[in-house]
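Spelled out from the first residue to the last, the chains are:
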Amino acid sequence: MNITLFGADGRMGRIFREIAEEHNILAVDKDSIIDYSMDCDVAVDFSVPEALDQVLHYCKVKKCPLVHAVTGLDSDQMGKLIEHSKTLPVVHKQNFGQGYESFCCCLRQIATALPTWDCVILETHKRNKRDKPSGTALEIKKQIENTLALSGHGRPIEVLSQRLGQLSGTHAVTFAHEGESITLKYQTENPSAFAEGALGCAVLLLNHKTAD
């Protein structure tokens, strides 16, 4: 399996390459294949939003699936990604952690059961994280708001953001009412969890492609 990696020199890119090597998978920096001559089974993007056009162009030329792990896209960029997904497979997530989906499931259950309770999201990341609020926080906000809307109690949910030192990503959601509260927290202890999740998606995309 050959992976073309965008953002290979960044923090997440370096971690992804190490994990790929542990699984005997070749993840090659896109700068080393700028002539598009090397084979590519799947492209993985851990770069920056500004690189989206280049990433999508590469995938079109190579006719390869894309695992997109970049947060902070604006509405125009999201539109391009959605349009691209109509012709080539794309997996785009705000968070590739395995526990994240279960966390969101619990939040939806609470919002359904207690739709009138106050709710706030507090997200904390290292000081140099570019997007604020984080993509994960915005996705959590969207899921809770959609759940509340279904129950007839639709309203905006506040997101509070902190950028402190080198703290790992933490998302805490508190539901509160008269004299009681519930707080659920999702914390990433090691960014390798995201890399492992992205690699798993790449393998699934390749398996789906070869099965067609």
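Our subject is the structure listed above.
Residues numbered from 1 in each chain as written. Predicted model: local features only at pLDDT ≥ 70, side-chain atom pairs only at ≥ 80, totals over all residues. Heavy atoms only, no water.

**Some words on the side chain of His171**
Definition in use: Counting from the N terminus, the helices are DSSP H or I runs at least four residues long and the strands are E runs at least two residues long. The rule is simple: take the accessible area with a 1.4 Å probe, protein chains only, and divide by the maximum for that residue type; under 20% is buried, over 50% is exposed, in between is partly exposed. Side-chain atoms alone can form a polar contact between residues adjacent in sequence; in general such a contact is a pair of N or O atoms within 3.5 Å, and within protein one must be able to donate a hydrogen while the other accepts it. Throughout, a residue-residue contact means that at least one pair of heavy atoms, one from each residue, lies within 4.5 Å.
You can see His171 is positioned in strand S8 (residues 170-177). Its relative accessible area of 3% is what places His171 among the buried residues. Polar side-chain contacts of His171 include one of 2.9 Å to the side chain of Ser134. Aside from chain neighbours lying at most four places away, what touches His171 is Phe103, Leu122, Glu123, His125, Ser134, Thr136, Ala137, Ile140, Leu184, Lys185 and Tyr186.

**Thoughts on the pattern of salt bridges**
Rule in force here: By salt bridge we mean one thing: a side-chain nitrogen of Lys or Arg within 4 Å of a carboxyl oxygen of Asp or Glu.
With the rule as written, the count across this model stands at 6 salt bridges. Asp131 serves as the salt-bridge partner of Lys129, at 3.0 Å between the closest nitrogen and oxygen. Look at Asp131 and you get buried, because its relative accessible area is 14%. Note that Glu145 is salt-bridged to Lys141, the shortest N-O span being 2.7 Å. Of the two residues, Glu145 and Lys141 both sit in helix H5 (residues 135-150), 4 residues apart, roughly one turn of that helix. For Lys141, a relative accessible area of 21% gives the class partly exposed.

**Focus on the nonpolar core**
This is how the line gets drawn: In this description, a nonpolar core means a group of buried Ala, Val, Leu, Ile, Met, Phe, Trp, Tyr and Cys residues linked to one another through side-chain atoms lying within 4.5 Å.
Core analysis: the biggest nonpolar cluster contains 24 residues, and Ile3, Phe16, Val44, Phe46, Val67 and Phe96 have the highest contact counts within it. Setting aside residues up to four positions removed in sequence, Val67 forms contacts with Val42, Ala43, Val44, Asp45, Val91, Phe96, Ala198, Cys201, Ala202 and Leu205. Counting 19 residues, the second largest nonpolar core, distinct from the first, contains Ile121, Ile144, Ile157 and Phe175.

So far we have only geometry, and geometry alone does not tell us how the molecule works.
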